[in-house]
Amino acid sequence: MGGLKSSGKPFEISKRAVWETWEKVRANKGAAGVDGVSIEEFEKDLRGNLYKIWNRMSSGTYFPPAVRAVEISKSHGGGTRILGVPTVADRIAQTVVAGVLEARVEPIFHLDSYGYRPQRSALDAVGVCRTRCWSNDWVIDLDIRKFFDSVPWDLIVKAVEANTDLPWVVLYVKRWLVAPLALPDGTLQERDRGTPQGSAVTPPTQWATSASMSR
């Protein structure tokens, strides 16, 4: 991968960040996207593939492919939901951006938030609930119906802009938002709102939205 930083590129993106992100994506495994390239296939030309991602991202010419839509049953019953599976290369690019947003948003996020956050889990939230039930005799249970499917893009972009001064982060978030879904029958579904669940960049953009709304 050569040097750690770009040279003569519009955006200063570290090559080391791309490499470290690849290691995270490989550790998480996951299925192939619309291009059919698995983790193992990607690794056969690892140096070339990682260079291509870095080169395109740092030059502003990275455009994400469609996201493969996979229908899965909801764990609590009541139908199905769509999970978006990006390509391996796109997961790497998304995780580079996610890392930048996470570093900015995580320190200012609400202490009682546990969803999709690093070093936190549903079991941690349950533990806090068990502790508090001894001092409180009431609970509020609510959910925003189909939030991931319906959140307006302009709110997400505003929130991201409020939490970073890096134009390439905003640029790529906008491009990922408009990436179409590749349905099982081979057709492409254009979208005008929402973010596909399963995307690496989705949690940090939601954190940015929530953090901006709470300020």
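A brief look at the structure comes next. (Residues numbered from 1 in each chain as written. Predicted model: local features only at pLDDT ≥ 70, side-chain atom pairs only at ≥ 80, totals over all residues. Heavy atoms only, no water.)

**Some details on the sheet that holds strand β4 (residues 188-189)**
What counts is decided by this rule: Strand pairing requires that DSSP identify at least two bridges connecting the strands. Numbering of helices and strands runs from the N terminus; a helix is a DSSP stretch of H or I covering at least four residues, while a strand is a stretch of E covering at least two.
The 4 strands are arranged β2-β1-β3-β4 in an open sheet whose pairing can be described as mixed. Because the sheet does not close on itself, it has two edges, and the strands there are β2 (80-85) and β4. Direction of pairing for strand β3 (residues 181-182) relative to β4: antiparallel, over a ladder of 2 bridges. In the sheet register, A182 faces β4, and the bridge partner there is L188.

**Details of helix α7 (residues 153-162)**
For an α-helix, the turn length of 3.6 residues means that residues three or four places apart are oriented alike. Our working rule: Between buried and exposed lies partly exposed: a residue is buried under 20% and exposed over 50% of the maximum accessible area for its type, with that area taken using a 1.4 Å probe on protein chains only. The directions considered for the arc are those from the helix axis to the C-beta atoms.
By the burial criterion, the buried members of α7 are W153, I156, V157, A159 and V160. All buried residues of α7 project into a common sector of 160 degrees when viewed along the axis, lining one side.

**Notes on the packing of aromatic side chains**
We count it as follows: Think of it this way: a Phe, Tyr or Trp ring, Trp meaning its six-membered ring, pairs with another when their centres are within 6.5 Å, and the plane angle makes it stacked under 30 degrees, edge-to-face over 60, tilted otherwise. By the criterion adopted, a ring carries a charge over it if an Arg CZ or a Lys NZ lies within 6 Å of its centre and within 35 degrees of its normal.
Tallied over the full model, the rule gives 5 aromatic pairs. Between Y51 and W54 the ring centres are 5.4 Å apart and the planes differ by 50 degrees, which places this aromatic pair in the tilted class. Of this pair, Y51 and W54 both sit in helix α3 (residues 46-59), 3 residues apart, which is roughly one turn of that helix. Since its relative accessible area comes to 4%, W54 is described here as buried. Measuring from ring centre to ring centre gives 6.1 Å for Y172 and W176, while their planes differ by 50 degrees; the resulting arrangement is tilted. In this pair, Y172 and W176 are both assigned in helix α8 (residues 167-178), 4 residues apart and thus about one turn of the helix distant. There is no split in this pair, since Y172 and W176 are both buried. Joined through ring pairs, the aromatic side chains of Y62, Y172 and W176 make up one cluster. One Lys or Arg, R120, reaches over the ring of Y114 and ends 4.7 Å from the middle of that ring. Above the plane of the ring of F63 lies R175, whose end atom (NZ or CZ) is 3.8 Å from the centre.

**Observations concerning the side chain of S58**
Basically, it comes down to this: Here a polar contact is recorded for every N or O atom pair within 3.5 Å, except that within protein the pair must consist of a potential hydrogen donor and a potential acceptor, and residues adjacent in sequence are included only if both atoms are side-chain atoms.
Along the chain, S58 turns up in helix α3. In terms of polar contacts, S58 uses its side chain to reach the backbone carbonyl oxygen of N55, at 3.3 Å.

**Quick word on unusual backbone geometry**
One non-glycine residue, K29, adopts positive backbone phi at about 60 degrees. Its location among the elements puts K29 in the loop between α1 (15-28) and α2 (39-44). Its identity is not glycine, yet Q119 carries a phi of approximately 65 degrees, on the positive side. As for its position among the elements, Q119 is in the loop between α4 (88-105) and α5 (122-132).

**Considering the pattern of salt bridges**
Side-chain pairs of opposite charge can arise whenever the charged atoms involved come near each other. Applicable threshold: By convention in these notes, a salt bridge is any Lys or Arg side-chain nitrogen within 4 Å of a carboxyl oxygen on Asp or Glu.
The full count for this structure, using the stated rule, is 5 salt bridges. The partner of E43 in a salt bridge is R26, with the nearest N and O atoms 2.9 Å apart. One end of the pair, E43, is in helix α2; the other, R26, is in helix α1, with 17 residues separating them in the sequence. Residue K44 is joined to E41 by a salt bridge in which the shortest nitrogen-to-oxygen separation is 2.9 Å. On the criterion of helical spacing, the pair formed by K44 and E41 is a turn pair, its members being 3 residues apart in helix α2.

**A closer look at the nonpolar core**
Side chains of a nonpolar character, in soluble globular proteins, are inclined to be buried together. The line we're drawing: Only buried residues count toward a nonpolar core. Its members are Ala, Val, Leu, Ile, Met, Phe, Trp, Tyr and Cys residues joined through side-chain atoms within 4.5 Å. Residue contacts are counted whenever heavy atoms from the two residues lie within 4.5 Å of one another.
The biggest cluster of nonpolar side chains holds 31 residues, and the ones touching the most others in it are M57, I92, V97 and W168. Among the elements that line this core, the one with the most residues is α8, at 7 residues. Contacts of I92, omitting those with residues within four sequence positions, involve V18, T21, W22, V25, F42, L50 and I53.

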